[in-house]
Amino acid sequence: MRMVTEEVAPGVTKANLTGRLDIGGSKEIDLAFNALAGSQRALIIDLSQVDFIASLGLRLLIVAARTVQRKGGRMVLLAPPIAVESVLISSGTDNVVPIWRHLDDAIAAVSG
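Here is a short report on the structure shown in this document. Computed from a predicted structure; not experimentally measured.

## Thoughts on helix 3 (residues 82-90)
Among the residues of helix 3, Val84, Glu85 and Leu88 are the ones counted as buried. In a view along the axis of helix 3, the buried residues occupy a sector of 100 degrees, so they form one face of it. Residues of helix 3 that are exposed and angled more than 90 degrees away from the buried face: Ile82, Ala83 and Ser90. Buried residues belonging to helix 3 abut strand 3 (42-53), helix 2 (55-70), strand 4 (74-78), helix 4 (93-96) and strand 5 (99-100). In the stretch just after helix 3, glycine 92 is the one whose phi turns positive, near 85 degrees.

## Examining the sheet that holds strand 3
The five strands lie next to each other as 1-2-3-4-5, forming an open sheet whose pairing is mixed. In this open sheet, the two strands that pair with only one neighbour each are strand 1 (2-9) and strand 5. Where strand 4 meets strand 5, two bridges bridge the pair, whose relative direction is parallel. By the bridge assignment for strand 5, leucine 78 is matched with tryptophan 100. Across the sheet, helix 3 is in contact with strand 3, strand 4 and strand 5; its angle to strand 3 comes to roughly 115 degrees.

## What to know about the pattern of salt bridges
One pass over the full model with this rule turns up four salt bridges. Between lysine 14 and aspartate 46 there is a salt bridge; the shortest N-O distance is 3.1 Å. A residue pair is termed long-range when its members are at least 10 positions apart, and lysine 14 in strand 2 (residues 12-21) and aspartate 46 in strand 3 qualify at 32 residues. The exposure classification of lysine 14 matches that of aspartate 46, with both residues buried. A salt bridge links glutamate 85 to arginine 101, with the shortest nitrogen-to-oxygen separation between them at 2.4 Å. Taken together, the positions of glutamate 85 in helix 3 and arginine 101 in the loop between strand 5 and helix 5 (103-111) put the pair 16 residues apart, joining distant regions of the chain. A relative accessible area of 41% places arginine 101 in the partly exposed class.

Rules behind the numbers
- Residues numbered from 1 in each chain as written.
- Predicted model: local features only at pLDDT ≥ 70, side-chain atom pairs only at ≥ 80, totals over all residues.
- Heavy atoms only, no water.
- Buried < 20%, exposed > 50% of the residue type's maximum accessible area, 1.4 Å probe, protein only.
- Helix = DSSP H or I, 4+ residues; strand = E, 2+ residues; numbered from the N terminus.
- Arc of directions from axis to C-beta.
- Contact = heavy atoms within 4.5 Å.
- Pairing = 2+ DSSP bridges.
- Axes fitted to C-alpha atoms, helices over the stretch in contact; angles between N-to-C directions.
- Salt bridge = Lys/Arg side-chain N within 4 Å of Asp/Glu carboxyl O.

Put into structure tokens, the structure is as follows:
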């Protein structure tokens, strides 16, 4: 699992994840991902290059979203592949962390 961050709008950070968000992948980015969630108020998680997500990956996303929300911020997910999106929806994760298809919509969702 690889994570690269970028600022996509003033005060809006996008974390680009690449790989498998399974047990191993989650452990690889856990510390950096949690630190990112703890330091941001407008966070977009780009899942377009994540080809698999397991329960530990879901937990990582939910914990991060709640961390951001506790600070009055917002976190959203961007463009997960269909297989990953179906896991997010069937697990109810999309009720905690909204899913957006387009970057402009995601930026608007975390900015407002």
